Amino acid sequence: MPLQAACTLLEILQIKINKKRNSHRTHLFCTVGGSLNLCNKKMAIVFIVLGIIGLGLLVTNMVLFDMYVVNNMDFYYPEYTGNSINGINYLSYFTFLSIIMVDVFLILLGTMILTDHKWVNKLTSPYIQGNITVYIFITGFLYLLVLAPGIKAYPWDCGMAMGNIVSFYNHVFMPVFMVVLWFFVRGDKRIDNKFILSVVVFPCIYFLFSVIRGTIINWYPYPFIHPLMFWEMVFGNLEYSVLTLWGAYLSFLLAVLSLFIGVAFALKFIRNKQLAKK
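Here the structure is a predicted model, which means the values were calculated and not measured.

1. A closer look at the overall build of the protein
Now for step 1: Along its length, the protein carries eleven helices and zero strands.
Now for step 2: When the helices and strands of the protein are listed from N to C terminus, the series reads α-α-α-α-α-α-α-α-α-α-α.
Now for step 3: In the protein, buried positions account for 43% of the 278 residues.
Now for step 4: For the protein, restricting intrachain contacts to residue pairs at least 6 apart in sequence, the fraction spanning at least 24 positions comes to 77%.
Now for step 5: As displayed, the protein offers around 15,300 Å² of accessible surface, 71% of which is attributable to carbon and sulfur atoms.

2. A look at a nonpolar patch on the surface
Now for step 1: A surface patch of nonpolar side chains, amounting to about 300 Å² of accessible area, comprises Ile45, Val49, Ile53 and Leu114.
Now for step 2: If you trace the backbone, Ile53 turns up in helix H2 (residues 41–67).
Now for step 3: For Ile53, a relative accessible area of 38% puts it in the partly exposed group.

3. A word on the layout of surface pockets
Now for step 1: Approximately 470 Å³ is the volume attributed to the largest pocket.
Now for step 2: Every residue lining the largest pocket is counted, 22 residues in all, and those nearest its centre are Pro203, Phe207, Phe224, Val256 and Phe260.
Now for step 3: It is helix H11 (residues 242–276) that provides the largest number of residues to the lining of the largest pocket, a total of six residues.
Now for step 4: Residue composition of the lining of the largest pocket, by class: 19 nonpolar, three polar and no charged.

4. With respect to the packing of aromatic side chains
Now for step 1: For the structure on display, the rule yields 22 aromatic pairs.
Now for step 2: Each ring, one from Phe47 and one from Phe177, has its centre 6.3 Å from the other, and the planes form 70°; the classification is edge-to-face. With Phe47 in helix H2 and Phe177 in helix H7 (residues 162–184), the pair connects residues that are 130 residues apart, well separated along the chain.
Now for step 3: Judged by its relative accessible area of 0%, Phe47 is buried.
Now for step 4: Phe177 gets classed as buried once you look at its relative accessible area, which sits at 17%.
Now for step 5: Consider the rings of Tyr93 and Phe96, whose centres lie 5.6 Å apart with planes at 75°: the pair is edge-to-face. Phe96 carries the same exposure label as Tyr93, and that label is buried.
Now for step 6: Ring pairing ties together the aromatic residues Tyr93, Phe96, Trp219, Tyr222, Phe224, Phe230, Trp246, Tyr249 and Phe252, which thus form one cluster.

5. Examining the packing of helix H4 (residues 94–115) against H7
How two helices pack is summed up by the angle between their axes together with the distance between the axes.
Now for step 1: Close contact between H4 and H7 brings their axes to 11 Å; oriented N to C, the two are set at 45°. Classified by the interaxial angle, the pair formed by H4 and H7 is oblique. In this structure, H4 meets H7 at a crossing whose hand is left-handed. Only Asn170, His171, Met174, Phe177, Met178 and Leu181 of H7 make contact with H4, whose side of the interface consists of Thr95, Phe96, Ile99, Val102, Asp103, Phe105 and Leu106.
Now for step 2: Here the residues of the contact of H4 with H7 are counted per class, giving nine nonpolar, three polar and one charged.

6. What to know about the nonpolar core
Generally speaking, a soluble globular protein has its nonpolar side chains buried in company with each other.
Now for step 1: Ranked by internal contacts, the top residues of the largest apolar core, which has 54 residues, are Leu106, Val134, Met174 and Met178.
Now for step 2: Contributing elements (two or more residues each) for this core: H2, H4, helix H5 (120–123), helix H6 (126–147), H7, helix H8 (194–199), helix H10 (227–235) and H11.
Now for step 3: Here Met178 is in contact with Val102, Phe105, Leu106, Ile132, Thr133 and Ile136, once residues within four sequence places are set aside.

7. What to know about the confidence of the model for the protein
Now for step 1: Of all residues in the protein, 72% have pLDDT values of 70 or greater, and the mean over the chain is 77.
Now for step 2: Under a pLDDT of 50 for its full length, residues 12–17 has, in the predicted model, zero contacts with residues more than four places off or in other chains.
Now for step 3: Predicted confidence is poor over residues 19–36, with pLDDT under 50, and the contacts of this stretch with residues over four places away or in other chains come to 33 contacts.

8. Overview of empty space enclosed by the protein
Over the atoms, a rolling probe the size of a water molecule traces out where space has been left empty.
Now for step 1: For the coordinates displayed, the defined rule picks out two cavities of 30 Å³ or more.
Now for step 2: Its boundaries defined by the atoms lining it, the second largest cavity holds a volume of some 30 Å³.
Now for step 3: In the lining of the second largest cavity, the residues fall into three nonpolar, three polar and one charged.

9. Topic: unusual backbone geometry
Now for step 1: Phi is positive for Asn218, close to 60°, though the residue is something other than glycine.
Now for step 2: Assessed through its relative accessible area of 43%, Asn218 is described here as partly exposed.

10. A look at the side chain of Ser210
Now for step 1: In this structure, Ser210 sits in helix H9 (residues 201–217).
Now for step 2: You can call Ser210 buried: its relative accessible area is 4%.
Now for step 3: The residues touching Ser210, leaving out its near neighbours within four places in the chain, are Tyr220, Pro221 and Ile225.

About the cut-offs
- Residues numbered from 1 in each chain as written.
- Predicted model: local features only at pLDDT ≥ 70, side-chain atom pairs only at ≥ 80, totals over all residues.
- Heavy atoms only, no water.
- Helix = DSSP H or I, 4+ residues; strand = E, 2+ residues; numbered from the N terminus.
- Buried < 20%, exposed > 50% of the residue type's maximum accessible area, 1.4 Å probe, protein only.
- Contact = heavy atoms within 4.5 Å.
- Areas by Shrake-Rupley, 256 points an atom, 1.4 Å probe, with all protein chains shown as cover.
- Patch = residues over 30% accessible without salt bridge, like charges linked within 9 Å, V, L, I, M, F, W, Y side chains within 5 Å.
- Salt bridge = Lys/Arg side-chain N within 4 Å of Asp/Glu carboxyl O.
- 1 Å grid on protein atoms, 1.4 Å probe; cavity = no way out; pocket = protein on both sides within 12 Å on 5 of 7 lines; lining within 4 Å.
- Points joined across faces, edges and corners; volume = space filled by probe spheres on them.
- Nonpolar A, V, L, I, M, F, W, Y, C, P; charged D, E, K, R; others polar.
- Phe/Tyr/Trp six-rings, centres within 6.5 Å; stacked < 30°, edge-to-face > 60°.
- Axes fitted to C-alpha atoms, helices over the stretch in contact; angles between N-to-C directions.
- Parallel < 35°, antiparallel > 145°, perpendicular 65-115°, else oblique.
- Left-handed = near helix turned anticlockwise from the far one by under 90°.
- Core = buried A, V, L, I, M, F, W, Y, C linked by side-chain atoms within 4.5 Å.
- pLDDT = per-residue confidence, 0-100.

Laid out in structure tokens, this is it:
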């Protein structure tokens, strides 16, 4: 009898341990309508594969930039930039920095799910997953709205044709994927306004770095970072005064900053709305 009681007690403890493990997984990777479970081996492999593909495409594109003449960057002005986007300059783009964040995030996320690592909870916190989601969404949004209209696609019969695939993957697929992932992967704590403030830290640091570095080496990753380039990109040869130039430039920067805050607020609203239904 004592042996049977001990076995029964061990079974009860094992059941409780399993329930605790399952609850730890499901509260991190909840489902919409109970139809999708992201905390499983298959999804973990998908995350890892997408991350590896993203990094592979970036490396491939870097190599191609050094091998072929760039023929679709006509909106850059040589008198300001030297029209050079190869080498280390390639990694100075917000696009590529944000996509590297996404790729590393997905690889780590998939690896931690496979190993049932306790740091999954930290990785999927708003301050990591949320910030990365905002950055990659802004990357895609600004590219399609501001930059894409002035960029020509690479001819499919040239060596840089792969650039079209990289551009689609970075500016369209990944932003959509990360936003969709936000709806399914969530913790159990409501998000406060500190998240919104945290989102603007990296863009501000990036902007200041780009301005300082651009002033030193006479090269800017985006035309709208330089006031004169911004004016010519938007208004063409329209005459301007110092007041109108800086007024338009600062208004644009404020609009971009507001965009980061707006997207962060939208993600905060979505997450808290979902948690309220639990």
